[in-house]
Amino acid sequence: MTFHAQHLLGIEHLAPAGITALLDRADRYVAFNRGGAKHADSLAGMTQINMFFEPSTRTQASFELAGKRLGADVMSMAMQASSLTKGETLIDTAMTLNAMHPDLLVVRHPNSGAVDLLAQKVTCAVLNAGDGRHEHPTQALLDALTIRRAKGRLHRLTVAICGDIAHSRVARSNIWLLGKMENRIRLVGPPTLMPAAAAELGVEVTDDMRAGLADADVVMMLRLQRERMDGGFVPSEREYYHRFGLDADKLAHAAPDAIVMHPGPMNRGIEIDGTLADDINRSVIQDQVEMGVAVRMAAMELLAENLRAARAEAAHG
Amino acid sequence: MTIYFENARLIDPEAGDERRANLISDGGRIAAVDAASAPRGARVIDCTGLCLAPGIVDMGVQVGEPGARHKESFRSAGLAAAAGGVTTMITRPDTDPAIDTPEVLEFVTRRAQGETPVRMHPMAALTRARAGAEMCEIGFLMDAGAVAFSDGDRVVTDTRLMARSLSYAAGLGALVIGHPQDPGLSRGAVASSGKFATLRGLPAVSPMAERMGLDRDIALVEMTGARYHADQITTGRALPALRRARANGFDVSAGVSIHHLTLNELDVGDYRTFFKLAPPLRSEEDRVALVAAVAEGLVEVIGSMHTPQDEESKRLPFEAAAAGAVGLQTLLPAAMRLYHSGDLSLAQLWRAMALNPARRLGLATGRLAEGAPADLVLFDPDAPFVLDRFTLESKSKNTPFDGARLQGRVRATFVGGAQVFGPEDA
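Now for a description of the structure that goes with this document. (Residues numbered from 1 in each chain as written. Chains lettered and ligands numbered in written order. Predicted model: local features only at pLDDT ≥ 70, side-chain atom pairs only at ≥ 80, totals over all residues. Heavy atoms only, no water.)

### Some points on the overall build of chain B
What counts is decided by this rule: Helix numbering and strand numbering both begin at the N terminus, where a helix is a DSSP run of H or I of at least 4 residues and a strand a DSSP run of E of at least 2. Put simply, the radius of gyration uses C-alpha atoms, and a globule should come to 2.2 Å times the residue count raised to 0.38. Burial classes: relative accessible area under 20% of the type maximum marks a residue as buried, over 50% as exposed, and values in between as partly exposed (1.4 Å probe, protein chains only).
A count of helical and extended segments in chain B gives 13 helices and 18 strands. The globule rule puts the C-alpha radius of gyration for 426 residues at 22 Å, and the 21 Å found for chain B is close to it. Projecting the C-alpha coordinates of chain B onto the three principal axes gives extents of approximately 65 × 50 × 45 Å. Counting the 426 residues in chain B, one finds 62% classified as buried.

### Things to note about the overall build of chain A
Which entries qualify depends on this criterion: In this description, contact between two residues means that some pair of their heavy atoms is separated by no more than 4.5 Å. Calculation of accessible area relied on Shrake-Rupley with a 1.4 Å probe; when residues are assessed, cover is drawn exclusively from the protein chains displayed. The charge count includes Lys and Arg as positive and Asp and Glu as negative, but it does not include His or the ends of the chains. Every charge is mapped onto a representative atom, which is NZ of Lys, CZ of Arg, CG of Asp or CD of Glu.
Broken down by element type, chain A carries eleven helices and nine strands. Against the compact-globule benchmark of 20 Å for 317 residues, chain A has a radius of gyration of 19 Å, which places it among compact chains. Once the C-alpha set of chain A is aligned to its principal axes, its extents read approximately 60 × 45 × 35 Å. Each of the 317 residues in chain A was classed as buried or not, and the buried ones make up 59%. Considering only contacts in chain A between residues 6 or more positions apart, those separated by 24 or more positions represent 74%. Per element, the accessible surface of chain A, about 12900 Å² overall, is 51% carbon and sulfur. Within chain A, one finds 33 positive and 38 negative side-chain charges whose respective centroids are separated by 2 Å.

### Remarks on helix H13 (residues 346–361) of chain B
Residues and elements named next belong to chain B. This is how it is decided: Helix span is expected to be 1.5 Å times the residue number reduced by one. To get the bend at any residue, fit one axis to the seven residues that end at it and another to the seven that begin at it, then take the angle between the two axes.
If you check H13, its first and last C-alpha atoms are 22 Å apart, about what 16 residues at 1.5 Å a residue would give, namely 22 Å. By the largest-angle criterion, Ala352 marks the main kink of H13, which is about 40 degrees. With 13 of its 16 residues buried, H13 lies for the most part within the structure.

### Remarks on the interface of chain B and chain A
Applicable threshold: Take the accessible area each of two parts loses on contact, using a 1.4 Å probe, and add the two losses: that sum is the buried area. Salt bridges are defined as contacts in which a side-chain nitrogen from Lys or Arg sits within 4 Å of a carboxyl oxygen from Asp or Glu. Identification of polar contacts relies on pairs of N or O atoms within 3.5 Å, with a donor-acceptor requirement for protein atoms, meaning one able to donate a hydrogen and the other able to accept it, and with residues adjacent in sequence counted only if both atoms are side-chain atoms. Throughout, the ten residues Ala, Val, Leu, Ile, Met, Phe, Trp, Tyr, Cys and Pro are labelled nonpolar, Asp, Glu, Lys and Arg are labelled charged, and all others, Gly among them, are labelled polar.
Listed per partner, the contact involves 16 residues of chain B and 23 residues of chain A. Around 1700 Å² of area is buried between chain B and chain A when both sides are counted, 59% of it from carbon and sulfur atoms. At the surface where chain B touches chain A, the tally comes to one salt bridge. Taken together, the links from chain B to chain A amount to five residue pairs in polar contact (both at pLDDT 80 or more). Here the side of chain B that touches chain A is built from residues that sort into seven nonpolar, four polar and five charged.

### Notes on the sheet that holds strand E13 (residues 227–230) of chain B
In any sheet, the strands associate via hydrogen bonds between backbone groups, in a parallel or an antiparallel arrangement. All names here are of chain B. Filter applied, for reference: Two strands qualify as a pair provided that DSSP identifies no fewer than 2 bridges between them. All axes here are fitted lines through C-alpha atoms, helices being fitted over the stretch that makes contact, and every angle between N-to-C directions spans 0 to 180 degrees.
Strands sit in the order E9-E10-E13-E14-E15 across an open sheet of five strands; the sheet is parallel. Pairing within the sheet leaves two strands with one partner each, and these edge strands are strand E9 (149–150) and strand E15 (301–303). As defined by bridge partners, E13 adjoins strand E14 (residues 252–257) across three bridges and the pair is classed as parallel. From the neighbouring strand, Tyr228 faces E14, where its bridge partner is Val252. Contacting strand E10 (175–178), E13, E14 and E15, H13 runs over the sheet at an angle of about 105 degrees to E15.

### Re helix H4 (residues 159–172) of chain B
Residue and element names in this part refer to chain B. The end-to-end C-alpha distance of H4 is 20 Å, a good match for the 20 Å that 14 residues give at a rise of 1.5 Å each. Regarding H4, the residues found buried are Leu161, Met162, Ala163, Ser165, Leu166 and Ala169. Where H4 is buried, its residues meet helix H3 (138–143), E10, helix H7 (208–224) and E13. Sitting at the amino-terminal end of H4 is Asp158, which places a side-chain oxygen 3.0 Å from the backbone nitrogen of Arg160. Phi for Gly173, located one or two positions after H4, is positive at around 70 degrees.

### A few points about the sheet that holds strand E8 (residues 218–221) of chain A
Residues and elements named next belong to chain A. A sheet is described by the order of its strands in space; here five strands give the open sequence E7-E6-E5-E8-E9, paired in parallel fashion. The sheet is open, and its two borders are formed by strand E7 (204–206) and strand E9 (259–261), each paired with just one other strand. In this sheet, neighbouring strand axes are inclined to one another by 20 degrees on average, regardless of whether the strands run parallel or antiparallel. Where E8 and E9 come together, three bridges link them in parallel fashion. Across the sheet, the residue bridging to Val218 is Ile259, located in E9.

### A short note on the pairing of strand E1 (residues 47–52) of chain A
All names here are of chain A. To keep things clear, this is the line we draw: If the strands point away from the viewer and the path from the first strand over the helix to the second runs clockwise, then the crossover is right-handed.
Taking burial as the measure, the six residues of E1 include five buried ones, the bulk of the element. Here E1 pairs with strand E2 (residues 73–78) via six bridges, running parallel. Along E2, the bridge assignment pairs Met51 with Met77. Handedness of the crossover joining E1 and E2 through helix H2 (residues 58–69): right-handed.

### Considerations on the packing of aromatic side chains
Inclusion rule: Only the six-membered ring of Trp is used, alongside the rings of Phe and Tyr, when aromatic pairs are assigned; centres must lie within 6.5 Å, and planes under 30 degrees apart are stacked while those over 60 apart are edge-to-face, with the rest tilted. Each ring is checked for a lysine NZ or an arginine CZ that lies within 6 Å of its centre and within 35 degrees of its normal; such an atom marks a charge sitting over the ring.
Across all of its chains, the model carries four aromatic pairs over all chains by this definition. Here the aromatic rings of Tyr240 of chain A and Phe244 of chain A are separated by 5.5 Å at their centres, their planes lie at 35 degrees, and the arrangement is tilted. You can see Tyr240 of chain A and its partner Phe244 of chain A sitting in helix H8 (residues 237–244), four residues apart, about one turn around the helix. Of the two residues, Tyr240 of chain A and Phe244 of chain A, both sit in the buried class. With 5.1 Å between their ring centres and 85 degrees between their planes, Phe5 of chain B and Phe414 of chain B make a pair best called edge-to-face. Taken together, the positions of Phe5 of chain B in strand E1 (residues 2–12) and Phe414 of chain B in strand E17 (residues 405–415) put the pair 409 residues apart, joining distant regions of the chain. Residues Phe5 of chain B and Phe414 of chain B agree in their burial class; the two are buried. Here Arg296 of chain A stacks its cationic end above the ring of Phe63 of chain A, 4.9 Å away from the centre of that ring. The ring centre of Tyr271 of chain B lies 5.9 Å from the NZ or CZ of Arg200 of chain B, which sits over that ring.

### Observations regarding the pairing of strand E4 (residues 43–46) of chain B
Residues and elements named next belong to chain B. Because side chains alternate across E4, one face comprises the buried residues Arg43 and Ile45, and the other comprises Val44 and Asp46, none of which is buried. Two elements, E1 and E4, share four bridges in a ladder whose sense is parallel. Paired with Tyr4 across the two strands is Val44, which belongs to E4.

### Here's the deal with the pattern of salt bridges
Oppositely charged side chains can form a pair if their charged atoms are brought close together. Residue and element names in this part refer to chain A. Under the defined criterion, the tally for this structure stands at 41 salt bridges over all chains. Close ionic contact of Glu290 with Arg34 constitutes a salt bridge, the shortest N to O distance being 2.6 Å. Residue Glu290 is located in helix H11 (residues 285–316), and its partner Arg34 is located in helix H1 (residues 16–34); the two are separated by 256 residues in the primary sequence. Between Arg169 and Glu54 there is a salt bridge; the shortest N-O distance is 2.9 Å. With a gap of 115 residues between them, Arg169 in helix H6 (residues 169–180) and Glu54 in the loop between E1 and H2 connect regions that are remote in the sequence. A residue is classified by how much of its surface remains accessible, and Arg169, at 12% relative accessible area, is buried. Where salt bridges share partners, they join Asp24, Asp27, Arg148 and Arg149 into one cluster.

### Describing the side chain of Ser304 of chain B
All names here are of chain B. Checked against the element boundaries, Ser304 lands in the loop between E15 and helix H11 (311–314). In this structure the side chain of Ser304 is engaged in a polar contact, spanning 2.5 Å, whose partner is the side chain of Asp58. The contacts of Ser304, once residues within four sequence positions are left out, are Asp58, Ile258, His259, Gly327, Leu328 and Leu331.

Next comes the structure, spelled out in structure tokens:
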């Protein structure tokens, strides 16, 4: 096994072999989840706490289900993140929870780096479920699994990541992961939603959807937050949809067998055409949700194994 | 008390050189610089292997009085200064309440007199409560001892008020210290835009915001004829504007913090909040450009921008954490990095850390000349050590140099000929 980390905080520090090992294990859980008896016991006796300092439906549900299917005792906490006290709440809550001896902490927080900070204060395994604009590693892993299953490989593909790159942790984790696996990455979006140093990330950058999608094997759309469409970043919804929304016409520039992805939740008619999103021949958006549970099961199981090994070593050492 | 500093390596920023000589301090002043022998009855300090330089004049020290004495008092700041070879602290007005009336100014001056062993000269706020709406009583504040006027890291966004404040200050010959930064571009930013901030997902500001702020202030200086100092220039992009202003004969000077000269944005690493500064740490290219600008004399002042923050305000996610670092005690050893790397000579460093700030503020210190105040620092430029932040005298321990290998230790510090730091038999 080549996955040795105590925490899963980001893709940045993972090695390609570790990513492959995790995806291989997740693959087995895809089959498992499709079976009749969806219950295993590899996390039996372990306590998983989900701490979401930012509202989430699908990611939280996915982590909760993943933990339950592996037999963990799962508790989900919706944290109130008031802007002034959230930092104190974060460390204080982390210390308090740590004293209750959880084994897995799943954390989402609106500040970049907040999950790293929390991980320094606890002795259990921490999974980053999204921190600010920094990373969302399980999303990138589930995207990778989706691509690998749809395309039969996870290398030498042309992947177009489109939309609000600047504010997206999904984009950053995917850039890390797809780059490590030696794919060609294109970032497509208006300059106002592109990070200042996008071109230094080992990617191609364009604000032309047709050029960006040309011969792409994978088209990954990102969500555009409604509050960013009011003229601050783009002039209007309709102009954004006209220039950057994915429709059949723009998709025609991609490879004929290109797949369409979206991390959800979707803004139909803003970043993606509704019919296209539902087209089972092109869209793998529902597959992404399915892969999410499998990837999170694999990630938590690997971290739990590492945690057990570390505890056994500490007990004997 | 007469002291004979024997066989010292004298760092003379005025002459721009160093030489081996004996110095005599008598009656609080420097009595002789190239003495042949010790006067009768003088205390003799053998300085073999050590440097003797003017005490550092640190322009822009924040002390927590009034309002945040738990972060730094005049006593703790004074002890840190003495231990760091800083003999004059130029304090910032960004206290709570701000130092914006003669009454508050007199309060801090009186507090400092009883508590700190080093000299202290206060800056006062340029606008009331540093709110950028009404100018302070610049005349009364000067009478009460304010050496410069600054709103700290807040920009006076109302250009008309800034113009009037500069114009009024010009009439009085007051020095105005600006914080060059475009407030719109830098709103909410905690890092410099670039690859590092992008990968860390941190809200970032373009280095251009600093140049825009400086361009505006220089235009206002041209309009009003004011004496102006930019507190911190930290980007290479701003330097041509500064150079042009100087070439045009405007009374414009600039400083830089020791942190921006010795660290860069990559030091933030995995969100280390002790490296969160305002302005944020910049790219390595910017750091190198600033070191060259100091060597050239374009940026004249190096300071610590001493900003004490308690543990709680730093134990937060990076975006939410307080900005700033303590520096009084680490300014000298950090500056030695630039000496040991061959970038700056000791004389160049002491021009920027003592002579230039003293001159700019009209103080008699910062020189090794007969008749000048005997404010002196005796230090070993080579002595290595690993910094443990809990050994610092400051009440706040927020230094980015915790655990860093440094070279350069202060052996003794003298203010007006009286020893304020170091062993009696130094």
